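This is what each chain is made of:
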Amino acid sequence: MKIINTVREMQNHSDFSRMRERSIALVPTMGFLHEGHLSLMKDGKKRANEVVVSIFVNPTQFGPGEDFTSYPRNLDRDLALCQDAGADVVFTPKDTELYQSAYQTYINLTKLPNHLCGISRPTHFKGVATVVSKLFNIVKPHIAIFGQKDYQQLLVIRQMVCDLNFDIEIIGAPIVREADGLAMSSRNTYLTPEQRKQALCLYNSLNKAQELVNSGVIETAKIIDAAKDIISSQPEAMIDYIRICDPDTLEDVQILDKPVRMVLAVKIGKTRLIDNMMLTIESLNKL
Ligand code: AMP
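Residues numbered from 1 in each chain as written. Predicted model: local features only at pLDDT ≥ 70, side-chain atom pairs only at ≥ 80, totals over all residues. Heavy atoms only, no water.

A.B. asks: Please explain the site of the ligand as it appears in this structure.
C.D. replies: Around the ligand there are 17 residues in total, and His37, Gly147, Asp150, Val176 and Met184 lie nearest to it. Separating an oxygen atom of the ligand from a side-chain N or O atom of His37 is a distance of 2.9 Å. Within the side chain of Asp150, one N or O atom sits 2.6 Å away from an oxygen atom of the ligand. Isolated, the ligand exposes 480 Å² of accessible area, and the fraction of that covered by the protein chains is 93%. Of all the elements in the fold, those that place two or more residues in the shell around the ligand are β2 (24–29), α2 (35–47) and β5 (143–147). With three residues, the single largest contributor to the shell around the ligand is α2. Per-class residue counts for the shell around the ligand are nine nonpolar, six polar and two charged. (Near = heavy atom within 4 Å. Polar contact = N/O pair within 3.5 Å; in protein donor to acceptor, adjacent residues only side chain to side chain. Areas by Shrake-Rupley, 256 points an atom, 1.4 Å probe, with all protein chains shown as cover. Helix = DSSP H or I, 4+ residues; strand = E, 2+ residues; numbered from the N terminus. Nonpolar A, V, L, I, M, F, W, Y, C, P; charged D, E, K, R; others polar.)

A.B. asks: Could you clarify how one ought to interpret helix α3 (residues 75–85) in this entry?
C.D. replies: Three or four residues apart is the spacing at which side chains of an α-helix point the same way, because the helix has 3.6 residues per turn. Among the residues making up α3, those that are buried are Asp78, Leu79, Cys82 and Ala85. All buried residues of α3 project into a common sector of 130° when viewed along the axis, lining one side. Along α3, exposed side chains directed more than 90 degrees from the buried face belong to Asp76 and Asp84. The elements touched by buried residues of α3 are β1 (2–4), α2, β3 (50–55) and β4 (89–91). Residue Gly86 follows α3 closely and has a positive phi angle near 90°. (Buried < 20%, exposed > 50% of the residue type's maximum accessible area, 1.4 Å probe, protein only. Arc of directions from axis to C-beta. Contact = heavy atoms within 4.5 Å.)

A.B. asks: It is not clear to me how the pattern of salt bridges should be interpreted in this structure. Could you clarify?
C.D. replies: Think of it this way: side chains of opposite charge can pair up when their charged atoms draw near. Here the structure, examined in full by the defined rule, presents 12 salt bridges. Asp88 serves as the salt-bridge partner of Lys45, at 3.6 Å between the closest nitrogen and oxygen. Remark: Asp88 occurs in the loop between α3 and β4 and Lys45 occurs in helix α2; sequence separation between them is 43 residues. Under the relative-accessibility criterion, Lys45 is labelled partly exposed at 37%. Of the residues examined, Asp88 reaches a relative accessible area of 24% and is grouped as partly exposed. Here Arg196 and Asp180 are joined by a salt bridge, their closest N and O atoms 3.0 Å apart. Placement of the pair is Arg196 in helix α8 (residues 193–198) and Asp180 in the loop between β6 (169–173) and α8, with a sequence separation of 16 residues. (Salt bridge = Lys/Arg side-chain N within 4 Å of Asp/Glu carboxyl O.)

Treat this as a map of the structure, not an account of what it does.
The following block contains the structure:
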């Protein structure tokens with residue numbers, strides 16, 4: 001496994017791979033890897049000749065007062081995990097390698113960031129779209145794999161790729177969960193044992209929603225109220241948002257007459273967690 005720190009070396013490596021007609025899959029991450037990240041790498045191994053994993057805690061996607069400096073980092077452990085998962089290259093640049101002092105170019109989407117996480121994190125998706133487009137130009141992948149765990153991010157990337165004509169196939173991979181259902185996240189490490197128990201309310205509320213749909217409830221307001229009850233019963237939980245929305249536009253849906261995505265963000269103590277689930281309507285499938 002090659003470890004690359006500079007843009008020039010990464011571009012040269014990818015040019016050489018492309019010259020030899022080897023396909024490249026990119027898995028962008030911020031490190032502190034877990035099974036969720038590893039599942040993306042394994043998916044990449046199946047789809048391409050080479051998997052490039054980027055490990056970069058991207059400063060431009062953190063707002064003031066967010067956890068950029070305290071974000072968990074452990075490069076040695078990450079490199080060992082990448083090696084085991086079969087990654088071919090780890091691209092891990094310094095901040096200054098991607099953002100030189102004269103840096104001034106950013107990518108803004110006009111609609112998708114005006115929902116969900118974009119409301120409480122107003123500059124987040126500008127940072128995400130910018131760094132991902134830079135990674136696309138540096139790694140030159142044929143495909144890039146993102147987790148559905150960050151559902152809004154996946155939509156933002158798909159839209160950007162379409163709008164800017166990146167010749168890259170975007171794959172949305174399923175959410176990997178702990179045995180009890182909590183979505184894996186590098187930020188789970190912030191949770192105390194007591195908060196870890198309470199954090200299960202996100203998954204429980206999504207499951208409750210699907211149960212209600214199965215029992216015939218089609219008003220999203222009722223489903224959201226039930227989810228709020230589950231989450232509010234946890235002493236350290238603070239809801240940022242709970243929405244049931246169109247899976248493409250993220251616009252709110254009032255009545256379930258098509259497949260929808262339920263998405264939520266909840267703070268457990270100081271740790272902000274997100275999760276989501278497709279709500280499937282059996283009665284619709286039978287039509
Ligand atoms: P991050 O390091 O948190 O920026 O995540 C890097 C990539 O891993 C993103 O595409 C995430 O959506 C994906 N990811 C994070 N957690 C999970 C998970 N539990 N299951 C699947 N993919 C995940």
